[in-house]
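# Tertiary structure, described
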Amino acid sequence: MLSSFVTIYARRLFVDRAAKRVLELVVVCSGLILLIIAGTLYFRSLPVHGQAHWGSLLMSREWHPSRGQFGFLPFIAGTLWVTGVAMVLAVPVCLLMAIYLVEYAPRFLREGINPLIDILAGIPSVVYGMWGVLVIVPFVKNYLAPWFGVSSSGYSIIAGGMVLAVMVVPGIIHITMEVLKSVPQELRDASLALGATKWQTIKNVVTRRAMPGMVAAIVLGLSRAFGETIAVLMVVGNVARVPGSIFDPAYPLPALIANNYGEMLSIPMYDAALLFAALILLLVVLYFNVVSRLILSGTKWSSYYYG
Amino acid sequence: MTGIPPHISVRDLNVFYGKDHALKDISVDIPNKKITAIIGPSGCGKTTLLKSFNRLLERADNVKVTGQVLVDGEDIYDPKMEITHIRKKMGLLSQKPYPLPMSIYDNIAYGPRIHGEQNKKKLDKIVEHFLKTASLWEEVKDKLHGPAARLSVGQQQRLCLARGLAVGPEIILGDEPTSALDPKSSQHIEKRFIELKERYTIIVVTHILRQAKRLADYVLFLYMGRLIEHGPAQAIFENPQQEMTKEYIFGVIS
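Residues numbered from 1 in each chain as written. Chains lettered and ligands numbered in written order. Predicted model: local features only at pLDDT ≥ 70, side-chain atom pairs only at ≥ 80, totals over all residues. Heavy atoms only, no water.

## Description of the domain arrangement of chain A
Residues and elements named next belong to chain A. Split by domain assignment, chain A resolves into domain 1 (2-44) and domain 2 (54-306). Taking only C-alpha atoms into account, the centre of domain 1 sits 37 Å from that of domain 2. Each partner contributes to the roughly 620 Å² buried at the junction of domain 1 and domain 2, and carbon and sulfur atoms together form 79% of this total. Between aspartate 271 and arginine 44 there is a salt bridge; the shortest N-O distance is 3.5 Å. Summed over the shared surface of domain 1 and domain 2, the result is one residue pair in polar contact (both at pLDDT 80 or more). (Domains from an automatic or database assignment. Buried area = accessible area lost by both parts, 1.4 Å probe. Salt bridge = Lys/Arg side-chain N within 4 Å of Asp/Glu carboxyl O. Polar contact = N/O pair within 3.5 Å; in protein donor to acceptor, adjacent residues only side chain to side chain.)

## Considerations on the packing of aromatic side chains
Using the criterion set out here, one finds 17 aromatic pairs over all chains in the structure. Seen from their ring centres, tryptophan 63 of chain A and phenylalanine 70 of chain A are 5.4 Å apart, and the 70° between their planes marks the pair as edge-to-face. For the pair tryptophan 63 of chain A and phenylalanine 70 of chain A, a shared accessibility class is recorded, and that class is buried. Seen from their ring centres, tyrosine 287 of chain A and phenylalanine 288 of chain A are 6.2 Å apart, and the 50° between their planes marks the pair as tilted. Taking relative accessible area as the criterion, tyrosine 287 of chain A reaches 55% and is therefore assigned exposed. Judged by relative accessible area, which is 16%, phenylalanine 288 of chain A ranks as buried. Three or more aromatic residues link up through ring pairs in this structure, and these residues are Trp54, Trp63, Phe70, Phe72, Phe75, Tyr251, Tyr270 and Phe276 of chain A. Above the face of the tyrosine 104 of chain A ring, lysine 198 of chain A is positioned so that its terminal group lies 4.9 Å from the ring centre. Over the ring of phenylalanine 16 of chain B we find lysine 64 of chain B, and its NZ or CZ is 5.1 Å from the ring centre. (Phe/Tyr/Trp six-rings, centres within 6.5 Å; stacked < 30°, edge-to-face > 60°. Buried < 20%, exposed > 50% of the residue type's maximum accessible area, 1.4 Å probe, protein only. Lys NZ or Arg CZ within 6 Å of the ring centre and 35° of its normal.)

## Topic: the pattern of salt bridges
As enumerated under the stated definition, the model contains 20 salt bridges over all chains in all. With a closest N to O distance of 3.4 Å, glutamate 111 of chain A and arginine 107 of chain A form a salt bridge. In this pair, glutamate 111 of chain A and arginine 107 of chain A both sit in helix α5 (residues 107-122), four residues apart, roughly one turn of the helix. The partner of aspartate 106 of chain B in a salt bridge is arginine 113 of chain B, with the nearest N and O atoms 3.0 Å apart. Since its relative accessible area comes to 38%, arginine 113 of chain B is described here as partly exposed. Look at the salt bridges and you will find they share partners, linking Lys20, Arg21 and Glu24 of chain A into a network. (Helix = DSSP H or I, 4+ residues; strand = E, 2+ residues; numbered from the N terminus.)

## Side note on the interface of chain A and chain B
With 26 residues of chain A in contact, the opposing surface of chain B contributes 26 residues. Note on chain A versus chain B: buried area summed over both sides is about 2,300 Å², and carbon and sulfur give 62% of it. Here chain A is connected to chain B by one salt bridge. Of the charged contacts in the structure, one is a salt bridge between lysine 51 of chain B and aspartate 189 of chain A, with a shortest N-O distance of 3.7 Å. Here chain A and chain B share four residue pairs in polar contact (both at pLDDT 80 or more) between them. For the side of chain A that touches chain B, the secondary structure elements donating two or more residues are α5, α8 (185-193), α9 (198-227) and α13 (302-305) of chain A. Per-element accounting of the side of chain A that touches chain B gives the leading share, eight residues, to α8 of chain A. Along the lines of polarity and charge, the residues of the side of chain A that touches chain B split into eleven nonpolar, nine polar and six charged. (Contact = heavy atoms within 4.5 Å. Nonpolar A, V, L, I, M, F, W, Y, C, P; charged D, E, K, R; others polar.)

This is the structure in structure tokens:
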């Protein structure tokens, strides 16, 4: 009797400790994966960045793999252009929509539109890409570019930016809405009670209080846009040249990797160069994520003004 | 009561939150330049009544208000009334201080600014004047441009008082304004109220009977959304007429 009691007791404690260890292991492993990926990319791309200076790799516009010249500027510029255009198109719309939905919209509209936004976020990128090819590319070619007096095949930065903008909108709206909802109602009351109009309250108090969170939402959208591959690849033209205008084609980093990795590996150092491109991408996205987490958790400014 | 006309007259006020009938047929006059305390057990509609005075209720989706609230003889629920005009007449102190996410200076200057005051010198004067009125000036005069969120809760509540006074109201509404404060800070606020009643009509919701006794000239007792009894403080506290008021004041219901 007593001995069985002791064994049950001991087993309980063992399971308890084991559970903790197993959970810890899972967490550590998932963290390790990131390190392993980064490490693999770093070491496998050593042939390229080991012999040349990082700065010259990143700033050179000469991309001639067969001659062993790997200048990443066209791809970095392409990525920045497409991401930039997407953010310029998406951010104002997102912020205004989120403000409308949280501050003005009647309840049924706010609650009805939420699932729609979630669905939009769940559409596979390749579908967005096809939609871009079918709709956006001809639109740019036949209407937008002529309207600006330039000729374009339609496969261009602006097309990529437009498709990408549609893709990042749901995420940014979603987080911005959460951030706005977390602003205490009493803070709005305090401003309204002073005789402020609703708009004055939103402009001077609500958005001010929500600023760190809104910045974080934008940064998260930015990192999503930065890494988005397939939809952009389908509409952006993929020409390895530093673009001169938004109607030029571009070749963003993710598209470079997706199009070439596993194919032209007979060229010496080509795979190292692509891995280096992946490393840049990983580091940039990681950086954005860390920055937005820091802002969201409010280590920087929120404790200062936001209490 | 005296011959001075009431500052606020409530006539047949009913408030519904959806199907919930929160205030039932309230009719009462709030005396001018006195401290009126609204007392009653929690959930009896004290805060709802207070917020009906500056129309902060209607912010929620499903609120319905019927009846009249006359401030200086004007019905504030008249659709033609401009809501900012009504709210400007009243300063609000909430249960917990909510400083705006800006500096101490900007918190006070916020009200005057939104009503169009841009003259820096005038704003400086307003800020200094009302911080002094709220007896906060000495503590903050060297950090006016520091964040308001860094002040202690007690200081924040006095800041909110100064902020409310800076738009030139006639009425101060306090929604349990000392409930988040320590005894010392509470005393501070109570003292300010007693000083301020010379110039302002003050209405305070409180669940602290002793506070009501210390402050109030006039008392409203609410229970389950009904105004059970109202009258001069002394009469209510020493000789309540209604059974329920007696039970509340002598501690049977709470």
